[in-house]
Amino acid sequence: MNNLGIFLLGLLVTFSLKAASFEETYLLGPGDRIQIQVYGEEELSIDELLLSSSGTFDYPYLGLITAKGKTPEQLRAELHRGLKGDYLIAPKIRINIVSFRQIYVNGEVKKPGGYEYKPGLTVDKAIALAGGFTDRASRTAINISPSSGSREQRKVNLKQSVAPGDIIVIDQSFF
């Protein structure tokens, strides 16, 4: 394998590890769309499911399931425990995130509103999604309200990471 091939392989492995790490740490919440696949059990598989405002969903045979605050792997393990034994001998379950809940960009941007979160999203990328700064926008007075439910805003820079549900507010510049 030549140097270019080794380099590309290294990038692929790095990207795969980052994606796997994100899946292991991402906490599901209201507004996320997930897919549940139970191999060999069509009636237990769900192509696309929107988590309710309480972060729950109704699942066949198991009833109301709370996904909010759980990683996809934790949710998979819960479904596995619930289905194993009475319903299936050895269920093989896969949870996929179809789409993430939104982030919101308000204030001095050209197209304020909600935008779907993407892994690796930063404040500057979120502003780009919202059409960029207006002429009156401050490049330094940028605040974020975290998705954790806290109403407290904190000042951030353009390279700050954004989490699903975050609200970014760009203030007006005085000069």
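Residues numbered from 1 in each chain as written. Predicted model: local features only at pLDDT ≥ 70, side-chain atom pairs only at ≥ 80, totals over all residues. Heavy atoms only, no water.

### Side note on the sheet that holds strand S1 (residues 33-38)
With antiparallel pairing, the 3 strands of this open sheet are ordered in space as S2-S1-S5. Both edges of this open sheet fall to strand S2 (46-50) and strand S5 (93-99), since each of them pairs with a single strand only. Across the sheet, the mean angle separating the axes of adjacent strands is 25° when strand polarity is ignored. Across the face of the sheet, helix H2 (residues 72-83) comes into contact with S1 and S5 while running at roughly 140° to S5. (Pairing = 2+ DSSP bridges. Helix = DSSP H or I, 4+ residues; strand = E, 2+ residues; numbered from the N terminus. Axes fitted to C-alpha atoms, helices over the stretch in contact; angles between N-to-C directions. Contact = heavy atoms within 4.5 Å.)

### What to know about the confidence of the model for the chain
With 83% of its residues at a pLDDT of 70 or more, the chain has an overall mean of 85. Ignoring residues within four places in sequence, the model shows residues 13-20, a span with pLDDT below 50, making 0 contacts including any to other chains. (pLDDT = per-residue confidence, 0-100.)

### Description of the pattern of salt bridges
Applying the stated criterion to the full structure yields 7 salt bridges. The salt bridge partner of Glu-48 is Arg-33, with a shortest N-O separation of 3.3 Å. With Glu-48 in strand S2 and Arg-33 in strand S1, this residue pair connects regions lying 15 residues apart in the sequence. Assessed through its relative accessible area of 45%, Glu-48 is described here as partly exposed. (Salt bridge = Lys/Arg side-chain N within 4 Å of Asp/Glu carboxyl O. Buried < 20%, exposed > 50% of the residue type's maximum accessible area, 1.4 Å probe, protein only.)

### Points about the nonpolar core
Ranked by internal contacts, the top residues of the largest apolar core, which has 39 residues, are Ile-36, Phe-57, Tyr-59, Leu-75, Val-105, Ile-168 and Ile-170. Among all residues touching Ile-36, those that are not within four sequence positions of it are Leu-44, Ser-45, Ile-46, Leu-49, Phe-57, Tyr-59, Leu-79, Ile-93, Arg-94 and Ile-95. (Core = buried A, V, L, I, M, F, W, Y, C linked by side-chain atoms within 4.5 Å.)

### A word on the packing of aromatic side chains
Per the counting criterion, the structure on display carries 3 aromatic pairs. Here the aromatic rings of Tyr-26 and Phe-100 are separated by 5.0 Å at their centres, their planes lie at 85°, and the arrangement is edge-to-face. Taken together, the positions of Tyr-26 in the loop between helix H1 (3-25) and S1 and Phe-100 in the loop between S5 and strand S6 (102-107) put the pair 74 residues apart, joining distant regions of the chain. Ring geometry for Phe-100 and Tyr-117: centres 5.5 Å apart, planes at 80°, overall edge-to-face. Of the two residues, Phe-100 sits in the loop between S5 and S6 while Tyr-117 sits in the loop between strand S7 (113-116) and helix H3 (123-129), which places them 17 residues apart along the sequence. Note on accessibility: Phe-100 and Tyr-117 belong to one class, buried. An aromatic cluster is present here, built from Tyr-26, Phe-100 and Tyr-117 joined pairwise through their rings. (Phe/Tyr/Trp six-rings, centres within 6.5 Å; stacked < 30°, edge-to-face > 60°.)

### Notes on the sheet that holds S7
Taken together, the 5 strands give an open sheet; going across it, the order is S7-S6-S10-S8-S9, and neighbouring strands pair in mixed fashion. The sheet is open, and its two edges are formed by S7 and strand S9 (154-155), each paired on a single side. Summarising the sheet, S6 and strand S10 (residues 167-172) pair through 4 bridges and their orientation is parallel. Note that in S10 the partner of Tyr-104 across the bridge is Ile-167.

### So, the side chain of Thr-122
Residue placement: Thr-122 occurs in the loop between S7 and H3. At 2.3 Å, the side chain of Thr-122 and the side chain of Asp-124 are in polar contact. Setting aside its immediate chain neighbours within four residues, Thr-122 contacts Leu-158, Lys-159, Gln-160, Ser-161 and Val-162. (Polar contact = N/O pair within 3.5 Å; in protein donor to acceptor, adjacent residues only side chain to side chain.)

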